[in-house]
Each structure stands twice: as C-alpha cells, then as structure tokens.
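Examination of the molecular architecture
Here are the chains, one letter per residue:
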Amino acid sequence: MQQEFDFSEKKPEVPKEEIPKEEIKEEEEFTMDGNYLEGLNGVQRLAVETVKGPVMIIAGPGSGKTRVLTYRIAHLIRLGMNPYNILALTFTNKAAKEMKDRIRKIVGTLSANSIWMGTFHSIFARILRIEANELGYPSNFTIYDTDDAKTLIKNIVSEQNLNPDLYKANLVYNRISNAKSNLLTPQAYLKHQGIRNADAAAKRPQIGKLYHLYSERCQRAGAMDFDDLLFKMHELLNLAPEILQKYQNKFQYLMIDEFQDTNHAQYSIARKLVANHRNVCVVGDDAQSIYAFRGATIDNILNFEKDYPELTTLKLEQNYRSTKRIVDLANGIIQKNSHQIAKEIWTQNSEGGKIQLVHAVSDSEEAKIIADNIVVERLRYHYNNDEFAILYRTNAQSRVFEEALRRKGIPYRVYGGLSFYQRKEIKDLMAYLRLTVNHKDEEAMRRVINYPVRGIGKTSLKKIAAWANEEERTMWDIMCRIPQYKLATRTQNAIVKFVKMIKLFAQMLKQKDAYDLAKYIAKTCGLQNHLHNDKSVEGLTRYENLQELFNSIKEFTDNKRELAPNNVEVDMEVDASLGVYLQEVSLLTDADDNKDDSGKVKLMTVHAAKGLEFPCVYIVGLEEELFPSAMASKRSNDIEEERRLFYVAVTRAEKKLMLSHANCRYRFGKLQYCEPSRFIEEISKEELEEIGNKPRASFRPQRDSHDAFKDSISSNISSAKRQQEKQQQLRNRSNIPNIANFKASDNRKLKEGFRILHQRFGAGTVLKLEGIGDKRMAIIKFDTLGEKKMVLRFAKLMFKEDGT
DNA sequence: CCCAGCCTGGTTTTT
DNA sequence: CCAGGCTGGG
C-alpha cells in the first residue's frame, strides 16, 4: 500500500546532497524501496504506511510499538517530509533517546537530530524558552523542581499565617498541580463553584488564594514548575493566532507515544497543534495506563474517536516478547478490570517455563531466594547479569535486595530513587548556577545566600522577604539596594558582597561555557573549599559528587560542540551555555544518565520499567497494602490502576517470570505481618510452580512485636534468620564491634572501631570520621567483585562497651 | 546568628 | 526508618 504524500509549505532545508557520505552508506542497508518494511507484520506495516490524517494505534505490550513508531518516522522522512517539521512526543527521556538512536540508524544522524523529539516537558521547555517574552517570562527562566515548589508553598502558607497542618505543602502542591493539568487558571479556580465547595468542605478554603499567590511568586521569580511547562505552553498557543499558526505550520506531523498517559493539558495542546492538518498519530495501550495519579486520563483515548471521526484505528495484538505462559497470565490479570478497550494479546512464541511463585517468610528471605535464583539461572541457562530485573512497587524496597545481591557478589544497579541531582551538595551548586543565570530565582537564593556561612541568617532573610512582598519586587531587587533599608551594618556588608559576587558570575555567562563557569563559580563562592575542608567520610563523598557534576557538565558542553557544526537550527540544541545546561538537567531523571549498566542486575520500580523488557523478571513484594498500595485499596478505580501496574510488570518478562511475597517485612521501621496480594489470589494456580512455605496464619506476630515474630517462626526457622545469625557469629569472631547509637563525643572509640572494620574488610579504605552526630553516616569503601567501589552505609553508629 | 542534637510525624508511583 | 522542625547553648 503506497500513500500519496504532499504537504504544502514544506521546505526541504536538508537536501539529500548535504548528507555526509558515511551517513548515506549507513542508509543503504535500508533502500528507498522500503526494505525496512519487510520485517513487519500486516498491521504493523499498515501502521507505518498510513501517514495521513489521524491514526490511533492500540499497541499491546511487546507488540513492536517502538519499532512501528521509528519506522513510521523514517518512512515519513523517506516520503520527503522534512524531519524538522516532525514532532514526536514521549514521556521519558529514555524513550525519546532510544527512538532517536533507532531512527538514526535508518535515516542518518543529520536527519534524526533535526526531528523534534523529546518529552512533552523538554520540548515545551525548549519552545517556551524561545517565546518566553510573550508570556512575560525571561527566556532564561528557571524550572522549579518539586522540592522548590513545595518550599515556596510552605513559605507562602507561613507568610499568610495559615495553619501549616491544614495546608500541607504536599496537599496544596497536588491541588495546584491538578488545577494546572486541567488548565484551570487561578482565577478560574477561584470562580469554580464546585472546587470552592470541595475546598470549603475540606476546611481548606484558602487553596485558591494560595494557588494565586504561588503563580504570582513563580512569575516574579522567573520560574516555572513542571506543570507550568504544559500549562504555559497552552497559554502561549492561546495568546495570539500568529503564534499558534507558527507552530501549526512548523509541526506538520505529530506523534505521541504512551498516549494513555497524557493528561488534559497535554491533549489540548496536541489538539491545537494539529487542528489544521490533523496529521496526528497516537500510540498507546489503555491497559498500561499507570499515571492517573498525575492527571493522566484514559478519556483521551476514548474521546479521540469523537474528536477525529475520520480516525484510523489499528490494533497491534501479536506479542513478540514473551512466552505463551506469560502472555496468558497477563491476559488473565487484565480481564479482571472492567473498563478497557477490547483486545486479546496473543503470541506465537513457545510455551516457556512455568511461572514461579515464591512464598517467603520475611523480606530478607525473599531477597535471598531471588539472589540465589539469579545465580542458579545464570549457571543453568547462561544468562548474563544484565538480563535480570527485579521490579518492585516502591523505591524503598530496593534496600533488602541490594544487601542480598551484595552478599552473593552479584553486581547490580538501582534505577530511580534519589536522583543524583537531588543530593544536597549538587542542589547547592546548582542553586548558585541557577541564581547566576536568573537572579530572580528565589528558591535558589534562599538556598545559598548563607551557605557557606556568611552571616546572613534567618532573621535578616525574613526581613528582606517582607520588604520584597510589600513592594511586590523580588528579594534580589531588595538586596541590590540593601543600603536603603534598615539592617545591621555587618549583615548589610555581607549582602552587598554576595550580590557583587553573583553579578560577577553573571558577567561571565557570555564568555565562558557551562563547564568553565561552573568550575569558576564553585571555587569562588566557597562551596568547593567548604566541601574540601570537610574531611569526614561524607564530606569526601560530597566532594566527589561535586566532581561528578563537573564531569557531567563537561560531557554536556562537549556534546553541544559536536552537534554545533551540523545543526540547522541555532538554538538550545547547540548552545553550550550554563542556561541551557540548567534547562536540560532539570528535566532529567536518574534513569536517564547513561551510566554503564552492562553486566548488572537491574532494580527498579514497575513505573520505571514501563517501556522496557528483560529476559528474566522478578516481581517482588506482592502483598496487600504494598502492591496494591495501601492508598489504592480504598477506591476501586485505584485498584484497577494497580492491576494495570501489575500487568505492566508481568509483560516486561520475555522468558522467565517469578513472583514473590513475604509474610513479614519491615515497614516504617517496624516488623509487620503481610497478607499476600489479591493479585496472587487472582492467578489461576494450575500453571504455577509454587516455591517456599505457604503463608500460615500462625505466622502473624501479635502486637507487631519482634519477640512474637521470633516465637511464631521459631519452629520453622527461616534460612534468612540463620543467615543473620551466621553473620552475627562472623562478626563476633572477628571482633567487629556492633553498630548502634553513638554520640559525636565517642570519636576515639569510633576511630578504633573503624580501624577494626578496616582490618576485617581489608580491601579498601576506611575513611576518617569527624564531627559525626545525629543522622550523619559513615561510609566505607572497598574494592570487591570487580566493581570499582562499594559503599556501605551505617546510620547512627556506636560501639557498645561489651561488644555485643 | 549558628549549630548540634533531640523530637516528631510521614511514608506510592514521576516529568 | 528518615527528613525536617525546634530548642537551647555557644
């Protein structure tokens, strides 16, 4: 089936002749006749070739969705569409990157790089940066992360003398986020009767006002939060017909991946952009919608047909990823849900091994069984470490598995969790960088104005904030004219000096690239020295992290340099300045950095695993209140989302799938009894291979006490327990002091203890500890397992006198 | 004004 | 268990 293809207004800005020779060579693997179409099945091919008008592709898991999307884009380019006119939106940077890499292989680097492909947030940020002035924003606006936003809300709540228990930052932030996702302005929010009633009923009538103030403050600070990137984009398109037209003409073709995860704002923007040519292709799977909590709505899929009556709907139902047993299990799971588009996933793959279900006594036993199993599978079927993935519901669950894997000497990588960019020392330097680029950035300023200490304390800051609010100016403005205000001379001088310093940094923005400037700033502001002088173990790690940040900035500038000569558009794609760096980095997550993860077992949440596949998958912690989460048990809608989440997890697996749950686990620092998840009950047991102790009611510890737990399992003592005892014995024998609470004054004992630890572990350095107190940690590094470094963390250390 | 250390309250998933 | 708030001594 060959389509005619004719877009008016198309300017071939990248003529074929300009493509460098080696790229053409690369292309020849896939000739113009469309060799690249040959590996596709009928529906896939139709999906690739139906290029005009609205198309919706319902793509089951493992149905070759990414392949279809990439080939489709390649196909468009082949048909003469300028890559520069294609907009492809994804939800994660990873997905965008993967697609770009694959397209690059088909159409060459130059074309691939010209496609506007990225996350909603990053693409819109890029556009907003260009158009910021239209919205009364500076083009170097800051992007507030969730922490910044919540701190700002906290400040506003306290300024308004509202009860912080009632107006919790989290809650207020969610309300605001919700409003923005639904394109409600503060004014509309305040007017909306239903919302007003709801807020009043919840005894929180002031939320509308807080939303209003929050928006004002963001605007004043030249800052947008994540939701603003969508919200303001929509506002921009509404602002003037010319602007809308400009982007409608620019983006002749729009593709949206993971369409089931779009929220109202995203959908509205998309609809506006394609209103004229209606060339929009969305790919999604209602059964994999797992982001309702952040405003995603399945309605977008259901309504799509109404908005586009001429819609072509295609269903990709053949699964190429998983064994029959896994596909059957997945189908069985999802059919329990009531709302969904009818479809049946099927596969021609072989039956595969039975799905295993592990009943573990405790969370540590669960982890041990899985670590053991990885070793066995590896030997038996010659799997590589990186072919295993452990999927869990919450990030906190990773700890036990890390320990178990470490004990077995299995290298691993944890994805997600606390991102590198959320570490204190990183945020501190970033705040300096942000402040340099955008002086108005209030959250950045509050963070660093007195760090390292320069004698500008809380009281002074409060005064400045008060003056700023009074005059409706930024705090920076006030500080620039600080001699006009009444303050102690010493503080005044300190502020003048601080302002001078930041201004000095700003002057260098144009001359230096991001890397040079960042290094200069770190040195001059005193942060680098401050960390360098901190000789405690953690101080050292912090210093190292800072160096790591420099490395990443260096990588960024080098990358941009490489791109620069080839790129058609001169904007942030090739701009190596600090401002662009900040913009890109604030939208990055931990999963995005391309740290080397070959040869490592992968640990991540189910959410993070979406869009990925692994030969062997372990889904762990299948317990009521955990997976499904306790929050979800209340509403049936949420349970369905949890079930979809389970569905997503199951369908990540190619060959081997193991499910597990524990009878007891530590949660919130307490030992708890756990019911097996209802999802386990829902599975037909015939195809299962059940491993381990069946759950027994007698395991239930009374009053959640540790002793009751010990008694209840003493008859059937778990291997985890024995392991623990063995460890303990090992410790005693080698005289390793036990670790518990300690005070900073115990420094000498501490040092002695670490000397012993050093001897015991031998392989590495035990670093000096000074001034360790509450919630500080000690970190021991040593080389093992061919990994560069291992880090052990001991919270709250103390050596008891008697060595027990 | 600064900091260490105590105390309390809260814990899903992410751009 | 852990982050953040609060307090009281320097």
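Data block above holds the structure.
Residues numbered from 1 in each chain as written. Chains lettered and ligands numbered in written order. Predicted model: local features only at pLDDT ≥ 70, side-chain atom pairs only at ≥ 80, totals over all residues. Heavy atoms only, no water.

**A look at the overall build of chain A**
Within chain A, the regular secondary structure consists of 33 helices and 21 strands. When burial is assessed residue by residue, chain A has 53% of its 804 residues classed as buried. Put simply, of all contacts in chain A between residues at least 6 apart along the chain, 76% involve residues at least 24 apart. When the accessible surface of chain A is summed, it comes to about 37,000 Å², and 49% of that surface belongs to carbon and sulfur atoms. (Helix = DSSP H or I, 4+ residues; strand = E, 2+ residues; numbered from the N terminus. Buried < 20%, exposed > 50% of the residue type's maximum accessible area, 1.4 Å probe, protein only. Contact = heavy atoms within 4.5 Å. Areas by Shrake-Rupley, 256 points an atom, 1.4 Å probe, with all protein chains shown as cover.)

**Quick word on the protein's contact with DNA strand B**
Near DNA strand B there are 32 residues, and of these Arg393, Asn450, Gly457, Thr459 and Thr589 occur at the shortest range. Of all DNA strand B atoms lying within 4 Å of any protein atom, the proportion belonging to sugar or phosphate reaches 55%. Between DNA strand B and Arg393 there is a distance of 2.3 Å, counted from a base oxygen to a side-chain nitrogen or oxygen. Split into classes, the residues belonging to the surface near DNA strand B amount to nine nonpolar, 17 polar and six charged. (Near = heavy atom within 4 Å. Polar contact = N/O pair within 3.5 Å; in protein donor to acceptor, adjacent residues only side chain to side chain. Nonpolar A, V, L, I, M, F, W, Y, C, P; charged D, E, K, R; others polar.)

**Regarding the nonpolar core**
Ranked by internal contacts, the top residues of the largest apolar core, which has 72 residues, are Tyr214 and Phe304. Once residues lying within four places of it in the same chain are set aside, the contact partners of Phe304 are Val55, Met56, Phe259, Tyr267, Val280, Val282, Asp299 and Leu311. (Core = buried A, V, L, I, M, F, W, Y, C linked by side-chain atoms within 4.5 Å.)

**So, helix 17 (residues 363-381)**
The terminal C-alpha atoms of helix 17 lie 26 Å apart, and with 19 residues this matches the ideal 27 Å at 1.5 Å per residue to within 8%. For helix 17, every residue scored as buried is listed here: Asp363, Glu365, Glu366, Ala367, Ile370, Ala371, Asn373, Ile374 and Glu377. Backbone geometry just after helix 17 places His382 at a positive phi near 55°. (Expected span 1.5 Å × (residues − 1).)

**Overview of the packing of aromatic side chains**
Enumeration according to the criterion identifies 20 aromatic pairs in this entry. Centroid distance Phe556 to Tyr581: 5.0 Å. Interplanar angle 70°. Geometry classified as edge-to-face. Within this pair, whereas Phe556 is found in helix 26 (residues 537-563), its partner Tyr581 is found in helix 27 (residues 578-585), the two being separated by 25 residues in sequence. Phe556 gets classed as buried once you look at its relative accessible area, which sits at 9%. The rings of Phe259, Tyr267, Phe304 and Tyr308 are connected pair by pair, giving a single aromatic cluster. (Phe/Tyr/Trp six-rings, centres within 6.5 Å; stacked < 30°, edge-to-face > 60°.)

**Observations concerning the packing of helix 8 (residues 169-181) against helix 12 (residues 226-239)**
Geometrically, a packed helix pair is captured by the angle between its two axes and the distance between the axes. Where helix 8 contacts helix 12, the axes come no closer than 9 Å and their chain directions differ by 25°. With respect to their mutual orientation, helix 8 and helix 12 come out roughly parallel. Judged by the twist between their axes, the crossing of helix 8 over helix 12 is left-handed. On helix 12, the residues touching Tyr173, Ser177, Lys180 and Ser181 of helix 8 are Asp227, Asp228 and Phe231. A class-by-class count of the residues in the contact of helix 8 with helix 12 yields two nonpolar, two polar and three charged. (Axes fitted to C-alpha atoms, helices over the stretch in contact; angles between N-to-C directions. Parallel < 35°, antiparallel > 145°, perpendicular 65-115°, else oblique. Left-handed = near helix turned anticlockwise from the far one by under 90°.)

**Describing the sheet that holds strand 2 (residues 86-90)**
Strand order in the open sheet formed by six strands is 3-2-6-7-1-8, with parallel pairing between adjacent strands. At either margin of the open sheet sits one strand with a lone partner, and together these are strand 3 (116-119) and strand 8 (312-316). The mean angle between the axes of side-by-side strands here comes to 15°, regardless of whether they run parallel or antiparallel. Strands strand 1 (55-59) and strand 8 of the sheet are contacted by helix 2 (residues 42-49), whose axis makes an angle of about 145° with strand 8. (Pairing = 2+ DSSP bridges.)

**Brief notes about the packing of helix 12 against helix 14 (residues 264-273)**
Packing of helix 12 against helix 14 brings their axes to within 9 Å, and their N-to-C directions diverge by 30°. In terms of orientation, helix 12 lies roughly parallel with respect to helix 14. Seen from above, helix 12 lies across helix 14 with left-handed handedness. On helix 14, the residues that touch Leu230, Met233, His234, Leu237 and Asn238 of helix 12 are Ala265, Gln266, Ser268, Ile269, Lys272 and Leu273.

**Examining unusual backbone geometry**
The omega torsion of the bond from Tyr451 to Pro452 falls at -5°, within 30 degrees of zero and hence cis. Going from Phe627 to Pro628, the amide bond is cis rather than trans, its omega being 10°. If you trace the backbone, Pro628 turns up in the loop between strand 15 (614-619) and helix 29 (636-650). One non-glycine residue with positive phi stands out, namely Glu258, at about 50°. Residue class for Glu258 comes out buried when judged on its relative accessible area of 11%. Here Arg278, not a glycine, exhibits a phi torsion of approximately 55°, which is positive. Relative to the assigned elements, Arg278 resides in the loop between helix 14 and strand 7 (280-284). Judged by relative accessible area, which is 26%, Arg278 ranks as partly exposed.

**What about the side chain of Asp227?**
Along the chain, Asp227 turns up in helix 12. One buried charged residue, Asp227, remains without a salt bridge, the closest side chain of opposite sign being Lys180 at 5.7 Å. For Asp227, the contacting residues outside a window of four places in its chain are Tyr173, Ser177, Lys180 and Ser181. (Lys, Arg positive; Asp, Glu negative; His and termini not counted. Salt bridge = Lys/Arg side-chain N within 4 Å of Asp/Glu carboxyl O.)

**Looking at the layout of surface pockets**
Space inside the second largest pocket adds up to approximately 370 Å³. If you go around the second largest pocket, you meet 15 residues; those closest to its centre are Asn155, Arg446, Lys458, Leu461 and Lys462. Looking at the lining of the second largest pocket, the elements with two or more residues in it are helix 7 (146-159) and helix 21 (458-471). Looking at the lining of the second largest pocket, the element that brings in the most residues is helix 21, giving six residues. Grouping the constituent residues of the lining of the second largest pocket by class yields five nonpolar, five polar and five charged. (1 Å grid on protein atoms, 1.4 Å probe; cavity = no way out; pocket = protein on both sides within 12 Å on 5 of 7 lines; lining within 4 Å. Points joined across faces, edges and corners; volume = space filled by probe spheres on them.)

**Quick word on the pattern of salt bridges**
With the rule as written, the count across this model stands at 43 salt bridges. The salt bridge partner of Lys65 is Asp257, with a shortest N-O separation of 3.3 Å. With a gap of 192 residues between them, Lys65 in helix 3 (residues 65-78) and Asp257 in the loop between strand 6 (253-256) and helix 14 connect regions that are remote in the sequence. For Lys65, a relative accessible area of 18% corresponds to the buried category. Measuring nitrogen to oxygen at the nearest pair gives 2.6 Å for the salt bridge that ties Glu613 to Arg321. Note that Glu613 is positioned in the loop between helix 28 (606-609) and strand 15 and Arg321 in the loop between strand 9 (318-319) and helix 16 (324-334), a separation of 292 residues in sequence. Residue classification places Arg321 among the buried positions, given a relative accessible area of 15%.

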